[in-house]
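Tertiary structure, described
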Number of protein chains: 2
Amino acid sequence: MDQKAINVIKNLTLDMIQNSGCEGNYGICFSSAPILYTLFTKHLNVNPSIPDWINRDRFVLSASHASALLYATMFLSGYPLMIDDIKSFKKFGSKTPAYPSINTMGVDISTGPLGEGFASAVGMALAEKKLEALYNQTGKSKLPKLFNYNVYTLVSDGDLMKGISYEAASFAGSLGLDNLIVLYDSNEVSSDGEVKNTFSESVLSRFSAMGWSTFYVKNGNSSSEISKAIEKAKKTKTPSIIQIKTIIGDGLLNQGKNITHSQLLEKNDIDQFKQKAGVGTVPFTVLKEPASYIRDTVVQRSIKIYSDWEKLYNDYKKVLNPNQVTEINNINQNLVNIDLIRANLPIDYNNKELMRESNHRVLNIIADSVYNFIGGSADLSNITRVRLNNHEDIVYGKYTGKNINYGVRDNFMGACMNGLALSGFRPFGSSLLVYSDDMRESIRATALMNLPVTYIFTHDSVTNSFDGPAHQPVEQLSNLRSIPNLYVFRPADIKEILGTWNVILNNKIPAVISLPRTEVKAEQGTSAGYVNKGAYVAGPEKNKLDAIIIATGSEVQLAKSLQVKLLQEKNIDVRIVSMPCMELYSIQSEDYKESIIPTGSKIFVLEYGSSFGWEKFVPSSDYLLTVDSFGASGSKDDVLSYLDIDSDNIITRIENLL
Amino acid sequence: MDQKAINVIKNLTLDMIQNSGCEGNYGICFSSAPILYTLFTKHLNVNPSIPDWINRDRFVLSASHASALLYATMFLSGYPLMIDDIKSFKKFGSKTPAYPSINTMGVDISTGPLGEGFASAVGMALAEKKLEALYNQTGKSKLPKLFNYNVYTLVSDGDLMKGISYEAASFAGSLGLDNLIVLYDSNEVSSDGEVKNTFSESVLSRFSAMGWSTFYVKNGNSSSEISKAIEKAKKTKTPSIIQIKTIIGDGLLNQGKNITHSQLLEKNDIDQFKQKAGVGTVPFTVLKEPASYIRDTVVQRSIKIYSDWEKLYNDYKKVLNPNQVTEINNINQNLVNIDLIRANLPIDYNNKELMRESNHRVLNIIADSVYNFIGGSADLSNITRVRLNNHEDIVYGKYTGKNINYGVRDNFMGACMNGLALSGFRPFGSSLLVYSDDMRESIRATALMNLPVTYIFTHDSVTNSFDGPAHQPVEQLSNLRSIPNLYVFRPADIKEILGTWNVILNNKIPAVISLPRTEVKAEQGTSAGYVNKGAYVAGPEKNKLDAIIIATGSEVQLAKSLQVKLLQEKNIDVRIVSMPCMELYSIQSEDYKESIIPTGSKIFVLEYGSSFGWEKFVPSSDYLLTVDSFGASGSKDDVLSYLDIDSDNIITRIENLL
């Protein structure tokens, strides 16, 4: 029956791709069909009727180009997909888009760029370990584990070539995430042909060197061999990878060749496959017997597993405290309710403080009250100041803490946070702003999935004294702002930091917090409560509105000192608008906007970063007090003077334009 | 003498960092001092008086935070650095900036983000193999090798944690780059502390699995042990890594601790080191005997090696053809002289062609006439159409070809190209535009070093039918434009492609070429010759200038069809400006700009990408026919309609605003 069922799956993917009318990926759908069939029917602990069951096994299609295979397998397994959904593969508005999306019920994660899925699967595995540490009562009672799910991911040669998958694997090995099982479709053919000329390494030896258990399946068409390997992998005390030797496009005339990656099939190829497989000739024929077999096998196992777990959960409810039960119930919604505006945090208007340190104080308030708040840094927690004081580090075998040491693995950190957020957590991760360049694929995935992940970036401008151009961000702030659905906050002081976190935590948004290397003091006029408006008047004009300076971050303090100077020395009366979040400001009412930045005003923008995105606010580029060239090695003052944006220069420029 | 000399180096780095007055990296300077000392005095084949000698060994400081150590070693080795340069460490305008820069004579590459240097070192090693293949006459004559240099790189734990270093190592192993020697300062401490909790893998086993030779030095303070390992590494037929066990901050009171990464030293620590090392107490004291020893050792070896090579080169000049001699002489200048405007390329105004295919035809013209033109793709050469027809693939042991298969390693591809460009080549690399997100650190390094590297990105907008949002670029074009010193070209048709390559090749600039997935035909009105102006009138208005549409890339064709419709159906007379390169347009004279886009015109911008960067051209955001949200899975028409930028919608929007 295995082979018949596999043929039905393959046949469905063939019809889906052919019907979509555009280049598809028969190759991996045909090589991986036995793998997904085996996983879904024999191992994956899920409930297709309740796709968001909290203790389900997760499946991550890191090899995202096998989307048709995933949909076909899910459809046959009883997930909420109809045959019309299958027929609408890649069509606009369908439940079966070109690449897997969490908008489709039962798909655990949206995937696209290779390697991202692998890295997020590691985040999901870490999340499960955290849930175990938070809620399992195995040490304290006779109850078995409430949380005990595995995370499976299907990866291709391409996934493993990508650096992010190495970062993820090294981290998973170091932390001993034994609930992670990687299914490696080793078909040896990538888009450009055989991989041997550019990817000749011994993958299993490499993973072994990273503390993984490794398994090898010689015949990738044998469901029983694959199943045995998965069985063994589930029992290891380390993460596992199973290298499954397959043939790309197995069963097609061009099997073993890279053109199965991206071509439509000729009629004779379709005919020969359908005949050989005995799956009927009419497109979208689903043979009843094997289809029922798949569905019944998955569903019957699901019913048993799920009802056992429900009983267990009821027993747990008697043992857990009520907060914990609420938490578990809320995990899939990942809601947080906190009032930071009224947090008890002393504001010092007289002394400067590193903004990273201000943020550190806020982080600790949050960490001590929000159970699923968790975070760390890509090896820069001392610099970015994100260590949570009252919480332990997460290390091998010990997952009770809240501090994650990601190592120097920025891109992985982002993808890992996506996996954590998909599993009920509110993760933050920190690095230098310039290193956001290394995390772009992960950040974009955060935005695309609309996940409540917060990226904390420090050293956010050319004012990073003595760092030099390679470590001085210029274009990064505007680049992040240009990512759809990402909220970029650049708070001016500790009050705006509070307001920023208040917006982020209560609104469940993909967010960036950008902080300088420098010190500032709390400013009169700034406000935590107005951060949710995106911009507000932080320093009103005295008598007449000669001009407006829009400033962000630490430049707000500079703007306010310029305001005094301009009035006293030049009799120029300016209003200071702090704009901690351009995205939030853009969605305010026209009335509100007019009250802050009246039409026709002479408007300057002061931000030590790229002009891109600011041009819409100013009459002409002359009004942009921004930076569009690389910085330099030297002191802050030397660099600002070199870039013509020191205080004196700014005052002269404003005076000349008014 | 070894120890005395090492102490002098350490002492100099200490004084440099302390004198800079800002957080420094004593840690790695003190752990790696014996490594750099050994490399420079006993192995590195260079000529400090002629730092750009073409057959010199290359040294890449991937662990860029050891910059003080590099400068101190170079200074003592006789490179053109004065003691005042050493005293000016990190100061504005000095030859010793915070991170190594190629602007300092003798520094082979600017480095910053960890892992980048490693990856570029692989590019340099590949370049040497190419030079061997191009010019060595060992098979054809009795002459020994003209090119036979090695590439050394110093890496830290952090470098090896980064995904890009894995990508680079896997590639180097697959291609058998035996001229690459990685010196791994294995001090086990990164910025956040001991690495064992997050980086517990066996590094050498991992490299062994990738086809590398591995060596282990137990005592990192022993120059003779280090030297023996380097000696062995030079003889291998694979790339080599030497794991050298060291102690971070070796010799300081806080040795072995992460705080040596980033603190200034207390006086008692300085005193105890200087006393123990016997290096005098006055800052910047350079003990004569050990200093002379270093200099004499390096220089005497250099003189011999260099004069031998000069003799050999003279012998080669008799054997090589004159073109080859010119090429070798020009390699450090990396100049190209080609007239593509007059290239013999048939222009078809009647039939559509994939722009990737048009570019492919131009690439082949270039490859057949420019000797150092070389390129490939991150596993998408079939899709991006960059395979050079008349040239072989570069594979293990065979480096005569021009096609590079980078595997699915986008970020590495960028850094590798930087290494190739620094070694006399004109590399191009191709991928999908959305994957530029994975290459940002490498692209920024290209721009920062001003290297003649060309990134070819295809599938450059939401018009990628059926790809879905994860593969549809939105913000990428504007993000690339915002990188300082990067030229982003979005040609409209094959003529503009020709013009683009003509500008790139003859001007030696960091460049991006952005191409659509779709087909276009050559347009009347477009021009190869005007690409160097950045923008020009590609479709003049008929009688009166009602409005201007600035368009780029494949949208120029759309704009020209809209021009006809607007005139015929709405009596609106518009001018079409094609703007293949915003950066080049921005540096034209005001007169030229006024002739193309007269002040006060009603200006629209039509580009299927982010509005960021375009706002300065238009009266208000309403005039932007751009895309600021994620795309969708579906046909091109469905997606454009969903985003309100299909033809009908655009016409309505233009009509309403005029």
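Procedures and definitions
- Residues numbered from 1 in each chain as written.
- Chains lettered and ligands numbered in written order.
- Predicted model: local features only at pLDDT ≥ 70, side-chain atom pairs only at ≥ 80, totals over all residues.
- Heavy atoms only, no water.
- Salt bridge = Lys/Arg side-chain N within 4 Å of Asp/Glu carboxyl O.
- Helix = DSSP H or I, 4+ residues; strand = E, 2+ residues; numbered from the N terminus.
- Buried < 20%, exposed > 50% of the residue type's maximum accessible area, 1.4 Å probe, protein only.
- Least-squares fit on C-alpha atoms with pLDDT ≥ 70 in both.
- Contact = heavy atoms within 4.5 Å.
- Buried area = accessible area lost by both parts, 1.4 Å probe.
- Polar contact = N/O pair within 3.5 Å; in protein donor to acceptor, adjacent residues only side chain to side chain.
- Pairing = 2+ DSSP bridges.
- Expected span 1.5 Å × (residues − 1).
- Right-handed = clockwise from strand over helix to strand, strands pointing away.
- Domains from an automatic or database assignment.
- Phe/Tyr/Trp six-rings, centres within 6.5 Å; stacked < 30°, edge-to-face > 60°.
- Lys NZ or Arg CZ within 6 Å of the ring centre and 35° of its normal.
- Axes fitted to C-alpha atoms, helices over the stretch in contact; angles between N-to-C directions.
- Parallel < 35°, antiparallel > 145°, perpendicular 65-115°, else oblique.
- Left-handed = near helix turned anticlockwise from the far one by under 90°.
- Nonpolar A, V, L, I, M, F, W, Y, C, P; charged D, E, K, R; others polar.
- pLDDT = per-residue confidence, 0-100.

1. Notes on the pattern of salt bridges
Opposite charge on two side chains lets them pair, provided their charged atoms get close. A full pass over the atoms with the stated rule returns 69 salt bridges over all chains. A salt bridge links glutamate 475 of chain A to arginine 440 of chain B; the shortest N-O distance between them is 4.0 Å. One end of the pair, glutamate 475 of chain A, is in the loop between strand E12 (454–458) and helix H17 (476–481); the other, arginine 440 of chain B, is in helix H16 (residues 440–449), on a second chain. Given a relative accessible area of 0%, glutamate 475 of chain A falls into the buried group.

2. Some thoughts on helix H3 (residues 67–77) of chain B
Residues and elements named next belong to chain B. Counting buried positions over the 11 residues of H3 gives 11, a clear majority of the element. All buried positions along H3 are accounted for by Ser67, Ala68, Leu69, Leu70, Tyr71, Ala72, Thr73, Met74, Phe75, Leu76 and Ser77. The positive-phi residue at the C-terminal boundary of H3 is glycine 78, with phi of around 100°.

3. Describing the relation of the copies chain A and chain B
Aligned on chain B, chain A shows an RMSD of 0.0 Å; the corresponding rotation is 180° and the shift along the axis is 0.0 Å. Within this description, the copies of the chain are treated as partners about a two-fold rotation axis. Across chain A, the smallest distance between a C-alpha and the rotation axis is recorded for glycine 163 of chain A, namely 1.8 Å. Most of the interface of chain A is mirrored in chain B, where 100% of its interface residues again form contacts.

4. Observations concerning the interface of chain A and chain B
When the parts of a complex come together, some accessible area is lost, and that lost area is often taken as the interface size. Facing the 98 residues of chain A at the interface are 98 residues of chain B. When the two sides are added together, the surface that chain A and chain B hide from each other amounts to roughly 7800 Å², 55% of it contributed by carbon and sulfur. Area buried by chain A at its contact with chain B is led by Phe92, Arg444 and Phe612 of chain A, which between them contribute 10% of it. In this assembly, chain A and chain B are joined by 12 salt bridges. With its nearest N and O atoms 2.8 Å apart, the salt bridge here joins arginine 444 of chain A to glutamate 475 of chain B. Linking chain A with chain B are 56 residue pairs in polar contact (both at pLDDT 80 or more).

5. Digging into the environment of glycine 27 of chain A
All names here are of chain A. Structurally, the position occupied by glycine 27 is in helix H2 (residues 26–42). On a C-alpha basis, the gap between glycine 27 and isoleucine 303 in space is 34 Å, while along the polypeptide they are 276 residues apart. Residues in contact with glycine 27, not counting those within four places in the same chain, are Ile248, Gly249 and Thr260.

6. Points about the sheet that holds strand E20 (residues 624–625) of chain A
Residue and element names in this part refer to chain A. In space, the five strands of this open sheet follow the order E16-E18-E17-E19-E20, with mixed pairing throughout. Two strands lie at the open edges of the sheet, namely strand E16 (536–539) and E20, each paired on one side alone. In this sheet, strand E18 (residues 574–578) lies alongside E16 in antiparallel orientation, the contact comprising three bridges. Residue pairing across strands places glycine 539 opposite isoleucine 576, the latter belonging to E18.

7. Considerations on helix H13 (residues 355–369) of chain B
The first and last C-alpha atoms of H13 of chain B sit 22 Å apart over 15 residues, in line with the 21 Å expected at 1.5 Å per residue. What H13 of chain B keeps buried is the set Met355, Arg356, Ser358, Asn359, His360, Val362, Leu363, Asn364, Ile366 and Ala367 of chain B.

8. Let's talk about the pairing of strand E11 (residues 426–432) of chain B
Regular strands have side chains that alternate between both faces of the sheet. Residue and element names in this part refer to chain B. Counting buried positions over the seven residues of E11 gives seven, a clear majority of the element. Strand direction decides the pairing type here: E11 and strand E12 (residues 454–458), joined by five bridges, are parallel. Along E12, the bridge assignment pairs serine 430 with isoleucine 456. Note on the crossover from E11 through H16 to E12: the handedness is right-handed.

9. Comments concerning the domain arrangement of chain A
Under the domain assignment, chain A is made up of domain 1 (2–305), domain 2 (340–520) and domain 3 (533–657). On a C-alpha basis, the centroid separation for the pair domain 1 of chain A and domain 3 of chain A is 52 Å.

10. Comments concerning the packing of aromatic side chains
Under the counting rule described, the total for this entry stands at 47 aromatic pairs over all chains. Here the aromatic rings of phenylalanine 40 of chain B and tyrosine 79 of chain B are separated by 6.4 Å at their centres, their planes lie at 65°, and the arrangement is edge-to-face. With phenylalanine 40 of chain B in helix H2 (residues 26–42) and tyrosine 79 of chain B in the loop between H3 and helix H4 (83–87), this pair connects stretches of sequence that are 39 residues apart. By the burial criterion, phenylalanine 40 of chain B is buried, and tyrosine 79 of chain B matches it. Taken together, the ring pairs in this structure connect Trp53, Tyr306, Trp309 and Tyr313 of chain A into an aromatic cluster. The lysine or arginine in question, lysine 533 of chain A, covers the ring of tyrosine 592 of chain A, its NZ or CZ lying 5.1 Å from the ring centre. Looking at lysine 593 of chain A, its charged tip hangs above the ring of tyrosine 585 of chain A, at a distance of 5.8 Å from the centre.

11. So, the packing of helix H5 (residues 116–135) of chain A against helix H7 (residues 163–175) of chain A
Residues and elements named next belong to chain A. Interaxial distance between H5 and H7 falls to 8 Å at its minimum, and their mutual angle equals 20°. Here H5 is positioned roughly parallel relative to H7, judged by the angle of their axes. With respect to the hand of their crossing, H5 and H7 are arranged in left-handed fashion. Touching Glu116, Phe118, Ala119, Val122 and Leu126 of H5 are Ile164, Ser165, Ala168, Ala169, Phe171, Ala172 and Leu175, all from H7. Class assignment for the residues of the contact of H5 with H7 results in 10 nonpolar, one polar and one charged.

12. Focus on the packing of helix H1 (residues 2–20) of chain A against helix H11 (residues 288–319) of chain A
All names here are of chain A. At a closest axis distance of 9 Å, the pairing of H1 and H11 adopts a crossing angle of 95°. Judged on the interaxial angle alone, H11 and H1 are roughly perpendicular. In this structure, H1 uses Asp2, Lys4, Ala5, Val8 and Ile9 to contact H11, whose residues at the interface are Glu289, Pro290, Tyr293 and Ile294. Its residues assigned to classes, the contact of H1 with H11 comprises six nonpolar, no polar and three charged.

13. Comments concerning the sheet that holds strand E2 (residues 151–155) of chain B
Pairing between the strands of a sheet is mediated by backbone hydrogen bonds and can be parallel or antiparallel. Residue and element names in this part refer to chain B. Across the sheet, which stays open at both edges, the five strands sit in the order E1-E2-E3-E7-E6 with parallel pairing between neighbours. Whereas interior strands pair on both sides, the edge strands pair on one side only; in this sheet they are strand E1 (58–61) and strand E6 (213–217). Sheet twist, expressed as the average angle between the axes of neighbouring strands with direction ignored, equals 15°. Taken together, the five bridges between E2 and strand E3 (residues 180–186) define a ladder with parallel strand orientation.

14. Re the side chain of asparagine 479 of chain B
Residue placement: asparagine 479 of chain B occurs in helix H17 (residues 476–481). Looking at asparagine 479 of chain B, its side chain comes within polar contact range of the side chain of serine 482 of chain A, at 2.8 Å. For asparagine 479 of chain B, the contacting residues outside a window of four places in its chain are Arg440, Asn479 and Ser482 of chain A together with Arg440 of chain B.

15. A short note on the confidence of the model for chain A
Interpretation of this model should avoid reading the predicted coordinates in detail wherever pLDDT is low. Of all residues in chain A, 100% attain a pLDDT of 70 or more, and the chain-wide mean is 96. Two numbers describe this predicted complex: its pTM, 0.98, and its ipTM, 0.97.

16. Regarding unusual backbone geometry
All names here are of chain A. Within the chain, aspartate 379 stands out as a residue other than glycine whose phi angle is a positive 70°. Relative to the elements of secondary structure, aspartate 379 occurs in the loop between strand E9 (373–377) and helix H14 (381–384). The backbone phi angle of arginine 385 is positive, close to 60°, even though this residue is not glycine. For arginine 385, a relative accessible area of 29% puts it in the partly exposed group.

17. So, the environment of phenylalanine 89 of chain B
Residues and elements named next belong to chain B. Within the secondary structure, phenylalanine 89 sits in the loop between H4 and helix H5 (116–135). Given the relative accessible area of 3%, phenylalanine 89 is considered buried. Separated by 286 residues in the primary sequence, phenylalanine 89 and glycine 375 place their C-alpha atoms 38 Å from one another. The contact partners of phenylalanine 89, leaving out residues within four places of it in the chain, are Met16, Ile17, Ser20, Ser67, Ala68, Tyr71, Thr96, Pro97 and Ala98.

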